[in-house]
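Architecture at a glance
Now for the letters of each chain:
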Amino acid sequence: MDTTINHQADMTDLDPRPSAALPKRRRSKWAKIRKDYWLYILLLPGLAYFIIFKYLPMWGIVIAFQDFSPFLGVLKSNWVGVKHFVNFFNNPDFVRLLRNTLILGFYDLVFFFPAPIIAALLLNEIRVGIFKRAVQTMIYVPHFISMVIVASMTYVFLTTNGGVVNEIIHELTGQRINFLADPAWFRPLIILQIMWKETGWGTIIFLAALASVDVEQYEAAIVDGASRFQRLWHITLPAISSTIVILLILRLGNFLDTGFEQIFLMTNSLNRTVADVFDTYVYQVGIRQGAFSYSTAVGLFKSVVGIILIYGSNYFAKKFGHEGII
Amino acid sequence: MNSSKYDSFGERVFDVFNYLFLTLFALVTVLPFIYIIAGSFATEIELIQRKFFLFPRNPSLSAYQYIFSSDTLFRSIGNSVIITVFGTLTNLVFTLSMAYALSRRDLMGRNFVMNLVIFSMLFSGGMIPGYLVVKELGLLNTYGAVILPGAISAFNLIVIKNFFQNLPPGLEEAARIDGCSDIGVLWRIVLPLSKPIIATFGLFYAVGHWNNFFSAMMFLNDSKMWPLQVMLREIVMLSQVAVGDLSAFDPEFVEPPDQAVKMAVIVVGTVPILLVYPFLQKHFAKGVLLGSIKG
Amino acid sequence: MKGKRSFKIMALLIIAVMLMLAACSGGGSNNNNSGGSTGNTSSNTGGQSSNSGNTGSGSGPAEEKPAPMKISIMIPSFSTELPDKSSPVWQRLEEYTNTDLEILFTPNSSYEDMLNITLASGDLPTIMNVGKTPSVISAARNGAFWDITDYLKDYPNLSQAHPVVLNNTSIDGKIYGIYRARTLGRMGVTYNKVWLDNLGLQPAKTIDEFYNILRAFTYDDPDKNGKNDTYGVVITKYTGPWDIMQIWFGAPNKWGENENGELVPDFMTPEYREALKFFRKIYSEGLVNEDFAVMDSAAWNTPFVNGQAGVFVDVADNARRLDNAMQEAAPRDEPYTIVTQAPVGPKGHRDMPTSGWSGMLVISKSKVKTEEELRRVLDFLDKLNDVEMKLLLGYGIEGRHYDMVDGYVVPKENLDAAITQELTGMNQLLMFIGEQEPGFAPTPINAQIAEVQKANEAIVVGNPAEPFVSEVYAQVGQQLDNIIGDARIQYIVGQIDDAGFDAAIELWKKTGGDDYIREINELYKAAKGK
């Protein structure tokens, strides 16, 4: 019963105000800051971090408006205004890239985003502790396997030239499905790969949220005769809903980030029409050809879209009675 | 309390399917990794012929011999452990303290700081300015260059802040009436209640440090300071990409067993960090909340 | 009580962190001020950066001949155990060249990034290995490196540099660096020797023979197992083999001259279309693996080694790698593979070259201020091409790392790791220009490879546009390449016909191809006019 120890003697020096009394609602700002000085001390290291390591280098963004050359640096490189943005939007492939990116982002949101939540809820229904822990430990392993390996395995399993999956399909139907070359299969494959790789890892955060649900609530609900499903709906889900909403908002901020490596590895000459997305495009045009400015411009476009989506979804979350991220 | 006696028939059917489904899912996710472990002990020709699954017929340690042929690998494991441990501690101190301050809704300037954080999540100055900042701070060739530029992940910060906000408010109130200051509340009430979330984000940060090779390669000139992942990457590079280049003027260049080496590299690089999770799992057990308050 | 103590520890910890950060932010804001006002980070990094201690930024007047010149060199490294100044190889190198060297080994996988950062920091080493990337081109144009075009002739080794390769490495017609040479005619066709013997066939001399071998390997049971389980040539997602084979048919290497002396891209030539028809034919007849368009290139060797495919079109030295793998499965005295030059096509004997170089060593103007210093640096680079230095940096010290037997290098066996390390990575300093140094005694397969690669030098087809730096290509090059690259694969697998391929060419032109052709031809004319 540590909590009952009285710190009053110590605290009086630091906090002369009687804590219960708050006579006036409007105190001067200074007094408010003084009251919370511990909080500001806690805030300061983090704030300093963001200023030094995030905002000091922020000048790098201006190269989107230049023809940047590392040797000349930001001050001597040519200023070209919005040339790179104009080039990007006028690119004959822009509409296709946007379409592919949006569809893939949408699939990701609809199919992959809920997967860790469902997996965490299913795990939460397991009562045998050792089984639960074993499953948890196994399903998070693929997170550590690189995309190159995942793509290689996908080829070995799915190729029409002796891949196990196609051999089985052939036995059953007499036909083969060209998963890897058929544009119609590209998006499902991408989503399935990412589900296989990251679902287990994604459950960790929800399991942590579930760990803080008060066991007494369940016990009370059982006594009241609530079914498993009712308990799930009325106790478990509300307990993690705030985490879900936060992660959803943050995910929307990265909506246009489809990831580069996976798509790049799965693209080939026969499915490129559906596979090309902003990230692979920027890689090919920007990184490979050293066009710092161009890739920064495309990145800036993605960031602006992301920030709009974050604040927009944050607004709606609050409107529907959830906590936003702020 | 054993609750199964309250289960309906439908709930039992659900249980059966749930166990089956999770077993299947676990197998599908873990079998490829087992194959990789098995493959790391196989000979090159067995891997090319793909004639085994879980047990190579002629188990061989040659891939591991190749990797461990230098003592530098052990040093690099030590470096990785140092970076991971100190990096994660730094992350947690910075992130938890800032998240707690920001979780207090009445804090003046809170919205401004939150907007700053969110903005920095999406906009970044890029690699060259980042490098120059680290250089100007005199951090080049120190582990500070690997640890400090990633001291806080905005994503983690926001999720932790949200978690702190959802702690039962009554406890904090009570502590404050007892005379605790803000830092006292954080240390004595909030942190003990947040063990699952600390374990989770500690794990996220630790895995990030363990797998990071890019900033080590950028910021550390001295190869004696390199962590494991840099070493392993170089080994893989040497065993494939460089072969053409090297063999062009060195016809006797001994080509390393590249597939088995790649697999052994994955095993050496991931198993140590994989082992962390099972140790953290006890913090995810239910009832942590209650226990910490009553205890 | 316990609570109080932990409380104080926490407070101390936080104060410590704050102090640290206060120190940091001071440094940071300083940087911001000076960086912002003077605008040139190089002005304040040269003196205080942590690693510039012995780069000798103020190398001063290097008049007295005996004083070793301070030279820093940035080169890629493929290893994690690298030598330092205590290495006798390093010391001999300094002695021979009268220099005080700082070798900046940079991991190959991050080399490109480090190069850009080095360019941006303004603190360039004396010599650095660079490719012709946009940031290097821009740096060269803005005076970062010495133009050495007129100097090379004065040096015994450097003057022997291959003019074609030099031209390929040039930027706007000027030579800024000395290339690191690589085998130019590296390609070869590798066959499964056992299959050829079983069928009583010889490696192909002509394209018709090549086709017949592919057919026989597919339909005549070359492995004599009574099953129809083999095919001709294995190809993956990596399109290298198609690029090589179309040259056999007479297609130009990326760009070729038409009858008016203008450059046209390869795919607009009739020879290219002929090659494409051949590819389509061998694919439809099952002489190529059916899944080539999606095949993981990491698994390229597998079908050959496993006895499913019998032909491999790639670099000739792959014959050794394939043989090694097959020997491991079932050792035999003779090699399993045989490697030959490309078959002769309708337009004569032709093959694809490599670029012939792997980076070039450029000399920075910020470290080398005067022409006299430049002469000394060039002298250093020239000396690196002496046979003594090629042996030293490639094989080490005689009696310590290797012995000479019958004019061949024989490496010492079971060397201590510390002794091997003295030599590791030093070969990245070599340019391989001038007289050939002694090497290892060749094995049968290596002798074959060397022979093919030597003979190839006479038949490789250069790319006349290689020296040119195209603005259009920098902008849309990747898209242009994808349009044609994809159409080619779709044509081969039968998804589109000739009309479809023509449509792809039209799309290519509209996407920026017309501008690209115009630009390349302007550059071509300007270069020829000189």
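Report follows, based on the coordinates. By convention here, each chain's residues receive numbers from 1 onward along its written sequence. Chain labels run from A onward and ligand labels from 1 onward, assigned in the order the entries are written. Whole-chain, interface and lining totals are the exception, using all residues; otherwise, since this is a predicted model, local features are given only for residues with pLDDT of at least 70 and side-chain atom pairs are given and counted only at 80 or more. Where side-chain values are given, they derive from all heavy atoms of the structure, hydrogens and water being excluded.

Secondary structure elements follow DSSP: runs of H or I of four or more residues count as helices, runs of E of two or more count as strands, with numbering from the N terminus. Of the regular secondary structure elements, chain B holds 17 helices and 0 strands. Relative accessibility under 20% of the residue-type maximum defines a buried residue, over 50% an exposed one, and the middle range a partly exposed one, all with a 1.4 Å probe and only protein chains included. Looking at chain B residue by residue over its 295 residues, the buried ones come to 59%. Contacts are assigned to residue pairs that have any heavy atoms within 4.5 Å of one another. Long-range pairs, those at least 24 residues apart, make up 71% of the contacts in chain B between residues at least 6 apart in sequence. Values of accessible area rely on a 1.4 Å probe in the Shrake-Rupley scheme; residue burial ignores everything except the protein chains shown. With an accessible surface of roughly 11,800 Å², chain B has 69% of that area assigned to carbon and sulfur atoms.

Moving on: the sheet that holds strand E3 (residues 127-130) of chain C. To summarise the sheet geometry, strands pair through backbone hydrogen bonds and adopt either a parallel or an antiparallel arrangement. All names here are of chain C. Pairing between strands requires that DSSP locate at least two bridges from one strand to the other. One open sheet accounts for 5 strands, arranged E2-E1-E3-E11-E4; its pairing is mixed. Two strands in the sheet have a free side with no partner beyond their single neighbour: strand E2 (99-107) and strand E4 (177-181). Ignoring which end each strand starts from, the neighbouring axes of this sheet average 25 degrees apart. By the bridge criterion, 4 bridges tie E4 to strand E11 (residues 357-363) in an arrangement that is antiparallel. A fitted line through C-alpha atoms serves as each axis, taken over the contacting stretch for helices, and the angle formed by two N-to-C directions is quoted from 0 to 180°.

All names here are of chain C. What counts as a salt bridge is simple: a side-chain nitrogen of Lys or Arg found within 4 Å of a carboxyl oxygen of Asp or Glu. Summed over the entire model, instances satisfying the criterion amount to 35 salt bridges over all chains. Two residues, Lys 528 and Glu 257, come together in a salt bridge whose shortest N-O distance is 3.6 Å. One end of the pair, Lys 528, is in helix H18 (residues 498-529); the other, Glu 257, is in strand E7 (residues 255-257), and 271 residues separate them in sequence. Look at Lys 528 and you get partly exposed, because its relative accessible area is 48%. Among the residues examined, Glu 257 registers a relative accessible area of 47% and is labelled partly exposed. Close ionic contact of Asp 498 with Arg 273 constitutes a salt bridge, the shortest N to O distance being 2.9 Å. Of this pair, Asp 498 sits in helix H18 while Arg 273 sits in helix H10 (residues 270-284), and the two are 225 residues apart along the sequence. By relative accessible area, Asp 498 is classed as partly exposed at 28%.

This part covers the packing of aromatic side chains. The relation between two aromatic rings is expressed through the spacing of the ring centres and the mutual angle of the planes. Pairing of aromatic rings covers Phe, Tyr and Trp, the last counted by its six-membered ring, and requires centre-to-centre distances within 6.5 Å; plane angles under 30 degrees mean stacked, over 60 mean edge-to-face, and any other angle means tilted. Scanning the entire structure with this criterion turns up 59 aromatic pairs over all chains. Taking the centre distance of 5.1 Å and the plane angle of 90 degrees together, the rings of Phe 210 of chain C and Trp 248 of chain C count as edge-to-face. In this pair, Phe 210 of chain C sits in helix H8 (residues 207-219) while Trp 248 of chain C sits in helix H9 (residues 240-248), placing the two residues 38 residues apart along the sequence. An aromatic cluster of at least three residues, connected via ring pairs, comprises Trp 255, Phe 267, Tyr 272, Tyr 473, Tyr 491, Phe 501, Trp 508 and Tyr 516 of chain C. Over the face of the ring belonging to Phe 213 of chain B we find Arg 233 of chain B, whose NZ or CZ atom lies 4.0 Å from the ring centre. Charges are assigned to positions over rings by a cutoff of 6 Å between ring centre and Lys NZ or Arg CZ, combined with an angular limit of 35 degrees from the ring normal. Taking NZ or CZ as reference, Lys 365 of chain C lies 5.6 Å from the ring centre of Trp 146 of chain C, over its face.

Orientation of helix H13 (residues 228-253) of chain A relative to helix H8 (residues 154-165) of chain B, taken along the N-to-C sense of each, is 155 degrees, at an axis distance of 10 Å. It follows from the interaxial angle that H13 of chain A and H8 of chain B lie roughly antiparallel. For the element pair H13 of chain A and H8 of chain B, the recorded crossing hand is right-handed. On the side of H13 of chain A, the interface is formed by Ser 242, Thr 243, Ile 246, Leu 247 and Leu 250 of chain A, while H8 of chain B contributes Phe 155, Ile 158, Val 159 and Asn 162 of chain B. Relative orientations are named as follows: roughly parallel for angles under 35 degrees, roughly antiparallel for angles over 145 degrees, roughly perpendicular for angles from 65 to 115 degrees, and oblique for any other angle. By convention the crossing between two helices is left-handed if the near helix lies anticlockwise of the far one by an angle smaller than a right angle, and right-handed if it lies clockwise.

Residues and elements named next belong to chain C. Judged by how many residues are buried, strand E9 (residues 309-315) sits mostly within the fold: 7 of 7 residues are covered. In terms of strand pairing, strand E6 (residues 231-233) meets E9 through 2 bridges, oriented parallel. The residue of E9 that forms the bridge with Tyr 231 is Ala 309.

This paragraph deals with the interface of chain A and chain B. Chain A puts 95 residues into the contact, and the matching count from chain B is 104 residues. A simple way to read buried area is as the amount of 1.4 Å-probe accessible surface that goes missing from two parts once joined, with both sides added. Buried surface at the junction of chain A and chain B, summed over both partners, amounts to about 9,000 Å²; 71% is from carbon and sulfur atoms. On the surface where chain A and chain B come into contact, there are 3 salt bridges. The partner of Asp 15 of chain B in a salt bridge is Arg 228 of chain A, and the shortest N-O contact between them spans 2.8 Å. Any N or O atom pair separated by 3.5 Å or less is treated as a polar contact, with the protein-specific requirement of one donor-capable and one acceptor-capable atom, and with residues adjacent in sequence counted only for side-chain atom pairs. Taken together, the connections running from chain A to chain B amount to 19 residue pairs in polar contact (both at pLDDT 80 or more). Only Asp, Glu, Lys and Arg are considered charged, only Ala, Val, Leu, Ile, Met, Phe, Trp, Tyr, Cys and Pro nonpolar, and every remaining residue, Gly among them, polar. Considering only residue class, the side of chain A that touches chain B consists of 60 nonpolar, 21 polar and 14 charged.

Moving on, we get to the nonpolar core. Only buried residues count toward a nonpolar core, which is a set of Ala, Val, Leu, Ile, Met, Phe, Trp, Tyr and Cys residues joined through side-chain atoms within 4.5 Å. In this structure, Phe 164 of chain B together with Phe 145 and Ile 148 of chain C are the most contacted members of the largest nonpolar core, which totals 227 residues. When neighbours within four sequence positions are excluded, Ile 148 of chain C is seen to be in contact with Ile 175, Tyr 176, Gly 177, Ile 178, Ile 363, Leu 374 and Leu 378 of chain C. Membership of the second largest hydrophobic core comes to 95 residues, among which are Val 277 of chain A together with Ile 207, Ile 489 and Ala 504 of chain C.

Moving on: the sheet that holds strand E5 (residues 187-192) of chain C. All names here are of chain C. If you trace the 4 strands from one edge of the open sheet to the other, you get E6-E9-E5-E10, paired in mixed fashion. Two strands close off the open sheet at either side, each with one partner strand: E6 and strand E10 (337-340). Across the sheet, the axes of successive neighbouring strands diverge by a mean angle of 20 degrees, strand direction being ignored. Both E5 and E9 contribute to a ladder of 5 bridges, which runs antiparallel. When the bridges of E9 are listed, Tyr 191 appears paired with Val 311. Of the strands in this sheet, E5 and E10 are in contact with helix H16 (residues 444-456), which crosses E10 at around 15 degrees.

Once that is clear, we can look at a nonpolar patch on the surface. Residues and elements named next belong to chain B. Patches were defined on residues exceeding 30% relative accessible area and lacking a salt bridge, with like-charge contacts within 9 Å and nonpolar side-chain contacts (Val, Leu, Ile, Met, Phe, Trp, Tyr) within 5 Å. There is a patch of nonpolar side chains on the surface, built from Phe 9, Val 13, Val 16, Phe 17 and Leu 20 and spanning about 540 Å² of accessible area. On the secondary structure map, Phe 9 appears in helix H1 (residues 9-40). Note on Phe 9: relative accessible area 67%, which makes it exposed.

A few words on the environment of Pro 125 of chain C. Residue and element names in this part refer to chain C. By the secondary structure assignment, Pro 125 is in the loop between helix H4 (111-121) and E3. On the accessibility criterion, Pro 125 (5% relative accessible area) is buried. Taking the C-alpha atoms as reference points, Pro 125 and Val 368, 243 residues apart in sequence, are found 9.3 Å from one another. With residues up to four places along the chain from it excluded, the contact list for Pro 125 reads Ser 72, Met 74, Leu 104, Thr 118, Ser 364 and Lys 367.

Moving on, we get to the side chain of Thr 72 of chain B. Mapped onto the elements, Thr 72 of chain B comes out in helix H4 (residues 72-103). Beyond its immediate stretch of four places on either side in the chain, Thr 72 of chain B contacts Met 231 of chain B together with Thr 80 and Glu 81 of chain C.

Time to look at unusual backbone geometry. Residue and element names in this part refer to chain C. Despite not being glycine, Asn 98 has its phi angle at roughly 50 degrees, a positive value. Structurally, the position occupied by Asn 98 is in the loop between helix H3 (88-97) and E2. On the basis of relative accessibility, which here comes to 26%, the residue Asn 98 falls in the partly exposed class. Positioned with a positive phi, Asp 172 is a non-glycine residue whose angle comes to about 50 degrees. Note on placement: Asp 172 falls in the loop between helix H6 (163-169) and E4.

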